[in-house]
Amino acid sequence: MGDRQISNIQPSNSGDTRGRGSSSTLISFDNVSKTFPDGTHAVDNVSLNVEPGQFMTVVGPSGCGKSTLLRMGSGLLPVSEGEVRRSEGNLGYVFQDATLLPWRTVQKNVELFCELRGLERGERRQRAKDAIDLVGLSGFNRHYPAALSGGMRMRVSLARSLTLDPPLFFFDEPFGALDEITREYLNLELLRIFAHAGFGAVFITHNLYEAVFLSTDVLVMSSRPGRILKSFQVPFPYPRDLDLRFDPAFAELTGEVSEVLRDE
Amino acid sequence: MSARHTSSRLRSSTYRLWAPIVVFLAVLGVWYAISLSLDPDRQFLLPTPNEVIRVGFLNQDNLFQVLEGLLWTVAVSMTGLVIAIVLGMSSAIMMSQAKWIETSFYPYAVIIQTVPILAIVPLVGLWLGFGFTSRVVVCVIISIFPIITNTLFGLQSVPASFHDLFTLHSAGRPTRLLKLQFPNALPAIFTGFRISAGLSVIGAIVGEFFFRKGIPGLGRLLDLYRARLLTEQLFTALVFSSLLGILVFWGFGFIGRLVVGKWHETT
Ligand SMILES: Nc1ncnc2c1ncn2[C@@H]1O[C@H](COP(=O)(O)OP(=O)(O)OP(=O)(O)O)[C@@H](O)[C@H]1O
Ligand SMILES: [Mg+2]
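Note that this is a predicted model, so its numbers are computed, not measured.

Enquirer: Looking at this structure, how should I read the overall build of chain B?
Expert: If you tally the helices and strands in chain B, you get 10 helices and zero strands. Taking 18 Å as the expected radius of gyration for a compact globule of 267 residues, we find that chain B reaches 24 Å, considerably beyond that expectation. By its C-alpha atoms, chain B is 80 × 70 × 30 Å across when sized along the principal axes. Relative to its full complement of 267 residues, chain B shows a buried share of 33%.

See the structure below:
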């Protein structure tokens, strides 16, 4: 069922990432800049929109302000200039670190957000169970995070956000700490869930292959202060599988992205 | 291969059992040797182990005197510990909620810790008399600091990203305290309990050297036996004091492992 949905999601044609979005826009950054109190100029005049069905990946050198951008988008950090507007509804936010509470079991960790939002117990349990099934961890409900591998912890973290069924997801280098094989596997899993849940996403990574493989759009940021240097649209239809990485067109696109990054 | 593995594990576990016993027997041997080599009129300094057992443990009157003292010491130190836990944890929680409370009060917690207890005891006695109350107060003073520091450290050492998580879902202070800071602090809190329990036993015994009225606890008895050169009974009191200390230390370690052992590696 999920697969049929995947093919319905086409690369978004709202490639012009500037300007005001339409009414369905999930989040829009309008000329957003950030200067920290200590004078660090982290983000410079960034504008972008994310529409439903859009998977937008931001790549850029280390320390260029990618995390800062997401923190501003989530409201954890105030902007210095410009404006962020986010549509109604929850925000899924997956950090690089799985941030699981070590004293809670997988089940209890996944229930956390529902609990904080005041959902009642039965509802909470059901949603957590569904989300755990969706990320493929059924049977691990009673495990503590210490007993899980890094990849499994990330999946729990993802499940935890899925319980609130957010229309928009932020991913801040979620697979950065994982080995290549686990990363590839989780890339596929993420695309499957993306198709199933149908959210819009802003995804951050250092890995160009991952960026192109996952996304409808790839944005390249400059080194600090981070500006958007260039945006690419990824033309490959979903569902995608790992063979795509051996497609010459794939290699060409990653090459182009890499060139922009290198020139920086 | 697995068989060999098992046998080496077995060897190492019997080894763990036997090695301390060998040391114990060796100490006992040296004890006998010294004791028997003493002049008969100086043997009271170190009576032989069997004399200690005969006079100190098998004589009912003597044993009951020590056990009664033990009971009294347990009552004093455990009351003191409970009060120290309640006061210490609530002040740590308040300090964690507002920086100004921490800044204003933490220095005094440090002072309580650094002022020699022997200097405070006479003053407490002067103000509160020499009964149960002042003995408990001494225990509280000597054992409260590790509870404050450990609880405060635990409450404040929550990783920033965990706080972000709670902020994103608009959690208020009470929720944060209950669902994030407090569970995060539990391992540290139990470490504090363990240290404080030992201290509070010491407080109950040391305090008694100054409180010469009322029911004698282990501290008074230790002092009494020393003054009357009742070495055998001195040993009995000593054994029970150490046992009490070991028991509370081990007991809180055990409870701690029971509560947080499932998710936290206790040392
Ligand atoms: N609270 C802060 N105060 C001052 N400077 C900060 C603060 N947070 C981040 N910075 C600085 O802002 C810049 C951007 O940081 P940010 O974490 O957004 O980078 P990033 O692109 O996510 O890097 P990475 O790829 O390594 O995660 C860095 O130079 C960082 O040192
Ligand atoms: Mg970052």
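Enquirer: Which parts of the structure should I look at to understand the sheet that holds strand 3 (residues 55-59) of chain A?
Expert: Each strand in a sheet pairs with another by means of backbone hydrogen bonds, the pair being arranged parallel or else antiparallel. Residue and element names in this part refer to chain A. In spatial order, the strands read 5-6-7-3-8-9; together these six strands make up an open sheet with mixed pairing. At either end of the open sheet lies a strand with only one pairing partner, and these are strand 5 (91-94) and strand 9 (228-233). Ignoring which end each strand starts from, the neighbouring axes of this sheet average 15° apart. One ladder, built from five bridges, connects strand 6 (residues 168-172) with strand 7 (residues 200-205); its direction is parallel. Across the sheet, the residue bridging to Phe171 is Phe203, located in strand 7. Docked against the sheet, helix 2 (residues 66-74) engages strand 3, strand 5, strand 6, strand 7 and strand 8 (217-221), running at close to 150° with respect to strand 6. Seen against the sheet, helix 5 (residues 150-162) touches strand 5 and strand 6 and runs at an angle of roughly 170° to strand 5.

Enquirer: Sorry, what's going on with the site of ligand 1 here?
Expert: Residues and elements named next belong to chain A. Ligand 1 sits among Phe36, Asp38, Thr40, Ala42, Ser62, Gly63, Cys64, Gly65, Lys66, Ser67, Thr68 and Arg224. Among the elements that line the shell around ligand 1, the one with the most residues is helix 2, at three residues. Looking at the shell around ligand 1, its residues break down into three nonpolar, six polar and three charged.

Enquirer: Looking at this structure, how should I read the domain arrangement of chain A?
Expert: Interfaces are often sized by the amount of accessible area the parts lose when they come together. Residue and element names in this part refer to chain A. Taken domain by domain, chain A holds domain 1 (2-89 + 167-263) and domain 2 (98-166). Look at where the C-alpha atoms of domain 1 and domain 2 centre, and you get two points 25 Å apart. Opposite the 15 residues of domain 1 that make contact, domain 2 presents nine residues. Those elements giving two or more residues to the side of domain 1 that touches domain 2 turn out to be strand 6 and helix 6 (180-197). Here the residues of the side of domain 1 that touches domain 2 are counted per class, giving 11 nonpolar, three polar and one charged.

Rules behind the numbers
Every residue gets a number counted from 1 within its own chain, in the order that chain's sequence is written. Think of it this way: whatever chain is written first is A, whatever ligand is written first is 1, and the rest follow in order. This being a predicted model, a pLDDT of at least 70 is required before a residue's local features are given, and a value of 80 or more before pairs of side-chain atoms are given or counted; all residues contribute to the totals for chains, interfaces and linings. Under the scheme used here, helices are H or I runs from DSSP no shorter than 4 residues and strands are E runs no shorter than 2 residues, and both carry numbers assigned from the N terminus. For the radius of gyration, the atoms used are the C-alpha atoms, and the globule rule reads 2.2 Å times the number of residues raised to 0.38. Around each residue's C-beta, the other C-beta atoms within 10 Å are counted; 20 or more make the residue buried, 12 or fewer make it exposed, and counts in between make it partly exposed. All C-beta atoms are placed from the backbone. Two strands are counted as paired when DSSP detects at least two bridges linking them. Axes here refer to lines fitted to C-alpha atoms; in helices the fit is confined to the stretch in contact. Angles between the N-to-C directions go from 0 to 180 degrees. Any pair of residues counts as being in contact when their C-beta atoms, constructed from backbone geometry, are within 7 Å of one another. The rule is simple: place the C-beta atom from the backbone, and if it lies within 6 Å of a molecule or strand, the residue is near it. Nonpolar residues are Ala, Val, Leu, Ile, Met, Phe, Trp, Tyr, Cys and Pro. Charged residues are Asp, Glu, Lys and Arg, and all others, Gly as well, are polar. All the domain ranges listed were derived from an automatic or database domain assignment.

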